[in-house]
Amino acid sequence: MKAGWKLAGLIVIGAGLGVVSAVAMLNQGMKIGREEVDGWVGSHVSGDRTADPYSRALVARAGLLALTQAETLYFNRTTDETGKPLRAACTYQLDGGPQPARWWSVTIYAADNYLPINGDDAQSADATRVAQTAKPEDEGRWIVRVSPQKGDAVHWISSKNSGNFALTIRLYNPYDHARKDFKSIALPRIKTVSCPRTPA
Amino acid sequence: MNALSKSLLIVLVTAVVVHLAVILSTPNLLMAVAFKRLSADGQKVNEMVHSPRTSETSRTIVRLSPDLAYSSCAFDLSKGPVRVTAAKASDYMSVSVYAANSDNIFAVNDHQAPNGVDLVIVGKGQAAPSGAALVVQSPTQRGIVLERRLAPSAETFAAADLARKRDVCAPL
């Protein structure tokens, strides 16, 4: 009888470890199979038939129903230019140029992978809106402010109520070179403009 | 083998088995949840559902783009193949098919299908209907079709919403 209880206890401990390690893998394993380009993390593995079980589980968790690389490249960033987490209270500037794709967008997501709830209706910037305000002298360069207040920004993504957030850039119908070599993509640069000392 | 190493072995083997079970079942579980949500708890299966413009309160799927108009169809091939159509678009549009294990088994965009999309999804062992131009073989009976149309503004969303009105997802 005692041996039975002991066995049951060991199995419970083992099962617990199995669940904890799997969940940790799904939460922290976002770096596996991934390539970083200036703080933006892209994946060469995406949810197609060739994916291994870990990649498939990771893609399912953070990008269920995402498109494969032939159709779209996704790059995600959760840190600023110095490696610190992106924070709702800070003001950042994204400085970008033409992207090697038919259409692109940058979108903010809160830590729960959904859009932050703040009533600002400013969750993204995209190629069409940037083109509308482009001037010839910009030569395709564009600037987007990511901050809790719009201020005098032309293109603005509201970080209000987003906690420690993530930015995702989508490149729809990426050009061949971009798909083959992430390093060839000039993704937008991020700059911290200001940041209150106490975490909000 | 002493008692301690035997105990450790039991813990280790259980941990590995459970770990793999969780990893392997995660995509299917998450797809089952998505299937349930997109089909309104199973009431709208094999039916094209047009989502309203993505807003901060959208919670059906993680990481939706607010710049795209999404339509979806939770399909079930148990009673036979399902036909999916999507009207042609003046800007980016794509139709993609996902199996129950979350694999993106097929995708086509407006450049590849300038006159719109018309495809038939068939299950394992089901014969492809004669005359179908585009046949997608699904390894699983259930799955999800997702249609994306570029719609970064209220005006472009209204146009996409009009274009997609007659898009079909229905048993053959």
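Residues numbered from 1 in each chain as written. Chains lettered and ligands numbered in written order. Predicted model: local features only at pLDDT ≥ 70, side-chain atom pairs only at ≥ 80, totals over all residues.

Another point: the pairing of strand β2 (residues 40–43) of chain A. Residue and element names in this part refer to chain A. The sheet contact formed by strand β1 (residues 34–37) and β2 spans four bridges and is antiparallel. Within the sheet, the bridge partner assigned to Arg-34 lies in β2 and is Ser-43. Following β1, the chain reverses through two residues before pairing antiparallel with β2; Asp-38 in that reversal takes a positive phi of roughly 50°. Pairing of β2 with strand β3 (residues 72–77) involves two bridges; the strand directions are antiparallel. Opposite Gly-42, over in β3, you have Phe-75 as the bridge partner. (Pairing = 2+ DSSP bridges. Helix = DSSP H or I, 4+ residues; strand = E, 2+ residues; numbered from the N terminus.)

This part is about the pairing of strand β3 (residues 82–86) of chain B. Residues and elements named next belong to chain B. Burial of β3 is one-sided: the residues Val-82, Val-84 and Ala-86 facing one way are buried, the residues Arg-83 and Thr-85 facing the other way are not. In the sheet, β3 pairs with strand β6 (residues 117–122) via five bridges, with the strands oriented antiparallel. For Arg-83, the partnering residue across the bridge sits in β6 and is Val-120. Sheet topology places β3 next to strand β9 (residues 168–171); four bridges connect them, and they run antiparallel. Bridge pairing in β9 places Val-82 opposite Pro-171. (Buried ≥ 20, exposed ≤ 12 C-beta atoms within 10 Å, placed from the backbone.)

Right, let's get into the packing of helix α1 (residues 2–28) of chain A against helix α1 (residues 3–38) of chain B. It is at 7 Å that the axes of α1(A) and α1(B) come closest, and there the two elements cross at 40°. Compared by their axis directions, α1(A) and α1(B) come out oblique. Between α1(A) and α1(B) the crossing geometry is right-handed. Per-class residue counts for the contact of α1(A) with α1(B) are 20 nonpolar, seven polar and no charged. (Axes fitted to C-alpha atoms, helices over the stretch in contact; angles between N-to-C directions. Parallel < 35°, antiparallel > 145°, perpendicular 65-115°, else oblique. Left-handed = near helix turned anticlockwise from the far one by under 90°. Nonpolar A, V, L, I, M, F, W, Y, C, P; charged D, E, K, R; others polar.)

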